[in-house]
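In case you want the letters, here they are:
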Amino acid sequence: MSAIAGIVHMNGQQALWEDSWRLYASLGHIPADTTGVWKGDGAFLSCHAQWITPESVYERLPLYDEESKLTITADAILDNREQLAEQLRISRSALVAMADSELILLAYQRWGEEVATHLLGDFVFAIWDERRRTLFAARDITGMRTLYYRLDGPRFAFCTLMKPLLELEGVQKSLDETWLSDFLAIPDMLDTANIHATVYRGINQLPSAHTLTFRSGKVEMKQYHRWDNVEPLRLRSDDEYIEAFRDVFSQAVGARLRTHRQVAAALSGGLDSGSVVGFASGTLRSQGKQLHAYSYVPVPDFTDYTSKTLLADERPFIQSTVSHVGNISENYLDFEGRSPLSEVDTWLNMLEMPYKYFENSFWIRGFYEKASEQDAGVLLTGARGNFTISWGPALDYYASLLKSGRYFRWFREMQQYSERTGMALSRIARITGRKAFPQWFQTKNKGAAPALGAPLIHPDFAAKTGVLDRLGSIIVQQGGAQANALKVRADKFNNLAIANKNGTVATKCSLRYRAWERDPTSDPRVIQFCLAVPIEQYVRQGTDRSLIRRAASPELPDKVRLNQRVRGVQPADWLHRILPDWEAFTSELRTLCSDSQVAGILNTDRISTALSNLPSPRPELASHPDLRLMMHSLIVYRFIRRF
């Protein structure tokens, strides 16, 4: 909803004045419905606001309260307004006209620095307490909004974006080599293991589920929430689990429809986005609104090379959902002429940092563009659904049955799973056996060193930064048949580095296109509920993701709801899109390999080998690790060249 910024300065009003206007002006490129500033004795707050919710149209930020001497600036949408109003004894009539920032300020007056534990939604905010000479800031549990800061002696500055903090007086832009070494060495989508660091030296970020207090020249950080020791939910029947799920999920979806503008949604042929759309459509119909659905499809000249269990073009399943749900304006978008290569500079400008998720970059940004064109204030997604509403790791559950000696149930479940998926029973048994007793299958590979997934970083740079010792097992490729889905799931919620990555994309895309990404599958109430539900509700009678398949029967057609044989793969055509520019792509990589600016940082020998291995690749090689290496190298190279 806003790009916020502020400074606390202990070197007098003149220094504060010069820095504050420099900070404010550097946010001028953000499309805003209104802007505001507040300057007091030693502190400055500002806001470039985008009107998303009905209440935000009348919101005035920064907001100063004369009686308490508190000033707030906020980038926030709250999802528990009614609950807060009851706790704070705010009348229903007063709540209708009350903006979220005012509600947060009243909550802060009630609960002080414990306020964040009482808030639900996507938010960051900062409150200056003039009497205590203290700045307090907080970021939401799932980290859907960003907040960066720097401390330079007597000056503390914060902002939604990083670039404004680099333009303050006396700041020199420089790379944080530790962050960069993490980025290059970690094989999966994470940027860094350090949840506080950024790519720029001297700029830190406030992690999700954390508060920050700046007083007497010092920064104090506190984590106010973790997903530990969630109490198991024990209900009396399957129907009660379904009823409870529908109640909590409908609350999460309904809360995310609060906008005076249009509502859009990313829609694939799967369970997560389909369930979000299914629950949202009926509510919007009662409001007299139609849901705008955006679905990615391959370009017309692409030939699907994927296996029979994968689907590059999900239109048959999407169309089935649209017809079943109703009240949907469908948009099938192929973004012809775009590719991950054509998007690199735009994404680097928008994110202010390198990134790894290039395959989806062109259609993710394309959805935001379409939302902006159609004046959608909210873009619904189901991004975290795989670990909440549609979780259900059948093979891991079967392995647990085998390991605990429940052989009859193990065998019966595998038979049913084979019937539903078409997967051979013998293959299911082998996989579950490896998961249950991994030590039995290690003898033939005994003594073999684990394969390091860090080919992107130059060995000299790795040694200089100590990244291999520092990160240890994080760098070793994880996953495969022996991965433990229960441990993976727990890590997804407690690993705040994942939240930082997700929040960076959500915040910076939304600010650029005035469309706020809202994901009901990552609502804390949904996460809490799904972590509490026993695994037997997620896997039963040969059905994975069983809870959502049963609970969404009114919202989803059986073609989608009961499908266990094929799944969508997005986007299978990314390499196909790049091939017309293959010569330019490889030419830039060859330039990279001889550029002294990245010598000793990027593994140029490995990149050269990849170029030799793939002189003219075919579209079906899209998952080849050498191609990912080449794209990641180019993205980092272009970023480093900006220094």
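Scroll up a little and you will see the structure.
The notes below deal with the structure included here. All of these numbers come straight from a predicted model, not from anything done at the bench.

## Here's the deal with the pairing of strand E3 (residues 43-49)
No. 1: The buried fraction of E3 amounts to 7 of the 7 residues, a majority that puts the element mostly inside the structure.
No. 2: The alternating pattern of E3 places Ala43, Leu45, Cys47 and Ala49 on one face and Phe44, Ser46 and His48 on the opposite face, and all of these are buried.
No. 3: The pairing of strand E1 (residues 2-9) with E3 spans 7 bridges and is antiparallel. Of the residues in E3, the one forming a bridge with Ile7 is Phe44.
No. 4: Bridge count between strand E2 (residues 34-39) and E3: 6 bridges; the pairing is antiparallel. The residue of E3 that forms the bridge with Trp38 is Leu45.
No. 5: Following E2, the chain reverses through 3 residues before pairing antiparallel with E3; Gly42 in that reversal takes a positive phi of roughly 95 degrees.

## Some words on the sheet that holds E2
No. 1: Sheet architecture is open: 6 strands sit in the order E2-E3-E1-E9-E8-E10, paired in antiparallel fashion. The strands lining the two open edges of the sheet, one partner per strand, are E2 and strand E10 (204-205).
No. 2: Examined bridge by bridge, strand E8 (residues 148-152) and E10 share 2 bridges and lie antiparallel to one another. In the strand pairing of E10, Tyr148 is matched with Gln205.

## A word on the sheet that holds strand E13 (residues 262-266)
No. 1: Spatially, 5 strands are ordered E16-E14-E13-E17-E18 in an open sheet, and the strand pairing comes out parallel. Each edge of the open sheet is held by one strand with a lone partner, namely strand E16 (328-333) and strand E18 (516-518). Neighbour to neighbour, the strand axes of the sheet diverge by 25 degrees on average, direction disregarded.
No. 2: Judged from the 4 bridges that link them, E13 and strand E14 (residues 291-296) form a sheet pairing that is parallel.

## Some remarks on the packing of aromatic side chains
No. 1: For the coordinates displayed, the defined rule picks out 32 aromatic pairs.
No. 2: With a centroid separation of 5.8 Å and 40 degrees between ring planes, the pair formed by Trp347 and Tyr355 is classed as tilted.
No. 3: Judged by centre distance (5.1 Å) and plane angle (55 degrees), the ring pair of Trp363 and Phe367 falls under tilted. Of this pair, Trp363 and Phe367 both sit in helix H11 (residues 361-373), 4 residues apart, which is roughly one turn of that helix. Taken as a pair, Trp363 and Phe367 share a single burial class, namely buried.
No. 4: The rings of Tyr294, Tyr296, Phe335, Phe362, Trp363 and Phe367 are connected pair by pair, giving a single aromatic cluster.
No. 5: If you follow Lys173 out to its NZ or CZ, it ends over the ring of Phe643, 4.9 Å from the centre.

Conventions and cut-offs
Residues numbered from 1 in each chain as written. Predicted model: local features only at pLDDT ≥ 70, side-chain atom pairs only at ≥ 80, totals over all residues. Heavy atoms only, no water. Buried < 20%, exposed > 50% of the residue type's maximum accessible area, 1.4 Å probe, protein only. Helix = DSSP H or I, 4+ residues; strand = E, 2+ residues; numbered from the N terminus. Pairing = 2+ DSSP bridges. Axes fitted to C-alpha atoms, helices over the stretch in contact; angles between N-to-C directions. Phe/Tyr/Trp six-rings, centres within 6.5 Å; stacked < 30°, edge-to-face > 60°. Lys NZ or Arg CZ within 6 Å of the ring centre and 35° of its normal.

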